[in-house]
Amino acid sequence: MRLTRYFIPTLKEIPAEAVIPSHQLMLRAGMIRGLSSGIYSLLPLGYRVWKKVMQIIREEMDAIGGMELHLPALNPKEIWEETGRVEAFGDTMFHIKNRDLVLAPTHEEIITHIAQAFVHSYKDMPQIWYQIQTKFRNEPRPKSGVIRSRQFLMKDAYSLDNSWEGLDESYQKHFDAYCRIYDRCGLNYFVVGASSGAMGGSGSQEFMVESDAGEDLCAFNMESGYAANIEVATSKLPPIGRVDENPEVEKFATPNAKAIDDLVEQFGLPAERCAKALVYFADEKPWLIFMSGNDQLNESKLQTALKANVIRPAHDEELLALTGANAGSIGPVNLKTKLPQIADTRLEHANDMVSGANENGFHYRNIDLDRDADIQAYHDLRMVEEGEPDPINGLPLKVKKAIEVGHIFKLGTKYSEALKANFLDANGTEHPIIMGSYGIGVERIVACHIEQRHDKDGIAWHPSIAPFHVHITGVKIESDLVREHADRLHDHLEAAGLEVLYDDRAGVSPGFKFKDADLLGMPLNVIVGEKHLKDGNIEVKIRHSGERRIVPVEDVVDVCKALINELSV
RNA sequence: CGGAACGUAGCGCAGCCCGGUAGCGCACUACCUUGGGGUGGUAGGGGUCGCGGGUUCAAAUCCCGCCGUUCCGACCA
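Residues numbered from 1 in each chain as written. Chains lettered and ligands numbered in written order. Predicted model: local features only at pLDDT ≥ 70, side-chain atom pairs only at ≥ 80, totals over all residues. Heavy atoms only, no water.

Undergrad: A description of the environment of Gln127 should follow, citing residues and the corresponding values.
TA: Assignment of secondary structure puts Gln127 in strand 7 (residues 127-136). Gln127 gets classed as buried once you look at its relative accessible area, which sits at 19%. Between the C-alpha atoms of Gln127 and Asn256, which are 129 residues apart in sequence, the distance is 62 Å. Side-chain polar atoms of Gln127 contact the backbone oxygen of Asp124, separated by 2.9 Å. (Helix = DSSP H or I, 4+ residues; strand = E, 2+ residues; numbered from the N terminus. Buried < 20%, exposed > 50% of the residue type's maximum accessible area, 1.4 Å probe, protein only. Polar contact = N/O pair within 3.5 Å; in protein donor to acceptor, adjacent residues only side chain to side chain.)

Below you can see the structure in the form of structure tokens.
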């Protein structure tokens, strides 16, 4: 491909709206062009990369027996109401104004709808269906270029099985395929245990790329082999426990104490013996929640524990109406209205606790949660902190930012039950289909790749997803000697099966061409110039390492082929 | 949705405080020059100054409203 005939609008300056390297470089290299917040056009050079990523995904999905299909982006709102996900997605789902249609943010409902119609026997399964399509999410704040956008490409796959063992197998196949996909794309990644969130289901894992641009926090200890999204991460902290003395509760005045720290400072209480009370609504039903001291409530864990579609903290007026007090003075004793209660596991059977009196300016002491509260269940509800002991070996946890590039779920029967997608087993008994759901963000792979492989000059593509394998730089292309060699090399490299971008621009200075080559970042830059041609040589530069080799003209094609193979592993 | 900043040529910016001819660099066009790390020069083309109102003889500039973009937070399968 000749650069003079190809459309690559490179930029010398960094557009003001781009903050992270991958976004800046995609714009500067002429790969993408922003249209609106969180909406991008993919230009020819960028789309080549997208297509390569999608092809790798296709090959690995096909290899585990996946069948590609194509589903509508426009969905009837009704089907999303049946699974409760219009509410679960809330404002994140785009709604069509002049029809009762929505733009699909994912496709569990549609897949289940097909399964419901056609998959009726245990003999019809297992099935793996996948698609690589545009998804729409009305992100409140798109950011980081294509990493969080309103319209993006996702590969999503769905498995249908007739047994839980079958689901485990399908899940494992996807896990293995995902590892191969990220390996082939040249990404450094790690896997964490994850929350199923609004997707529902029994278990899930995320494929993560460590990055300061990441929006997820992961807690891990490499030595123990523990890694989890902060949404589900746990640690091994001792329970608060009981003390022998267990007197009756006693109210005391705390006029200037709202936060746990105030109680600690003013009354010399140990923070962990304070039971912090919070009120949350789960699907519009209020709950009273207790945490120890300054432990932070993990909303993901709360949502899972309450099996709720949507949760939110109570507003000030609601707090007052339900408990009789404002935030900071709420507790289990003397509640204005009876509220269902749950507490963090650290508080299990704890006594000698201090908590709000449900009367502003007062607290109770000597609270025995077993005696004085009405706690229905204890769940792990805390947000872990860096340095806490990991749950496997008790070694200190580290917390790092990461970008989620893939997520696999054991969905179970949430959607098949809601949409009545049932099958008959060998005994003629009806069961809901057992499903799995597996997603990969295509643009996030590209963005993470650039985040991991760039330097001050530009991108350094891995050969597997590079837009072209070889970039030929014709230095002083006006020279017949240079032009003839470069032309021939271009033809020979293409004939050898390599993808070639040939900078055949005339009147462009060498430095300018080198800068462009470094910016675009093809794995190999073949520099054809009089300097080495007069000795019968051509220079081959490896972009990622910076290594340069002077190669006899007749060997260049073989050297390039060998280097591409070498760089691909 | 809370807090903040910014909207002037394709991109990066100045001009605004103190109202009076719309500017600079890059990119683009033509010619000359140079030719292994963004050559140097000459001459050009391109902007309803985000939109709408108001004040004024006169608004990019002052006032009000809206829209957009970005950043921090909330949210985020």
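Resuming the write-up.
Undergrad: Could you give me a rundown of the pairing of strand 9 (residues 190-193), with the residues and numbers involved?
TA: Across the two faces of strand 9 the burial differs, with Phe190 and Val192 buried and Val191 and Gly193 not buried at all. As paired strands, strand 9 and strand 10 (residues 203-210) are joined by four bridges and run antiparallel to one another. Along strand 10, the bridge assignment pairs Phe190 with Met208. (Pairing = 2+ DSSP bridges.)

Undergrad: A description of a negative patch on the surface should follow, citing residues and the corresponding values.
TA: A contiguous patch of negative charge on the surface is contributed by Glu78, Glu81, Glu82 and Asp100. Along the chain, Asp100 turns up in the loop between strand 5 (94-95) and strand 6 (101-103). The class of Asp100 is exposed, set by a relative accessible area of 63%. (Patch = residues over 30% accessible without salt bridge, like charges linked within 9 Å, V, L, I, M, F, W, Y side chains within 5 Å. Areas by Shrake-Rupley, 256 points an atom, 1.4 Å probe, with all protein chains shown as cover. Salt bridge = Lys/Arg side-chain N within 4 Å of Asp/Glu carboxyl O. Lys, Arg positive; Asp, Glu negative; His and termini not counted. Charge placed at Lys NZ, Arg CZ, Asp CG, Glu CD.)

Undergrad: I'd love a proper account of the packing of aromatic side chains, names of residues and values included.
TA: Overall, the coordinates contain eleven aromatic pairs when judged by the stated rule. Consider the rings of Tyr178 and Tyr182, whose centres lie 6.1 Å apart with planes at 85 degrees: the pair is edge-to-face. Here Tyr178 pairs with Tyr182, and both are found in helix 6 (residues 164-184), just four residues apart, close to one helical turn. Here Tyr178 and Tyr182 have matching classes, each one buried. Ring plane angle 50 degrees and centroid distance 6.0 Å describe the contact between Phe190 and Phe220, whose orientation is recorded as tilted. One end of the pair, Phe190, is in strand 9; the other, Phe220, is in strand 11 (residues 216-221), and 30 residues separate them in sequence. Aromatic ring contacts, followed pair by pair, group Phe175, Tyr178, Tyr182, Tyr189 and Phe207 into a single cluster. One Lys or Arg, Arg48, reaches over the ring of Phe468 and ends 3.9 Å from the middle of that ring. (Phe/Tyr/Trp six-rings, centres within 6.5 Å; stacked < 30°, edge-to-face > 60°. Lys NZ or Arg CZ within 6 Å of the ring centre and 35° of its normal.)

Undergrad: Break down the sheet that holds strand 13 (residues 250-253) for me, citing the residues and quoting the values.
TA: Pairing between the strands of a sheet comes from backbone hydrogen bonds, and it takes one of two forms, parallel or antiparallel. Ordered by their spatial adjacency, three strands build an open sheet running 13-19-18, and the pairing between neighbours is antiparallel. Bordering the open sheet on either side are strand 13 and strand 18 (353-356), each of which pairs with just one other strand. Across the sheet, the mean angle separating the axes of adjacent strands is 30 degrees when strand polarity is ignored. The pairing of strand 13 with strand 19 (residues 362-367) spans four bridges and is classified as antiparallel. Following the sheet pairing, Lys251 is matched in strand 19 by Tyr364. (Axes fitted to C-alpha atoms, helices over the stretch in contact; angles between N-to-C directions.)

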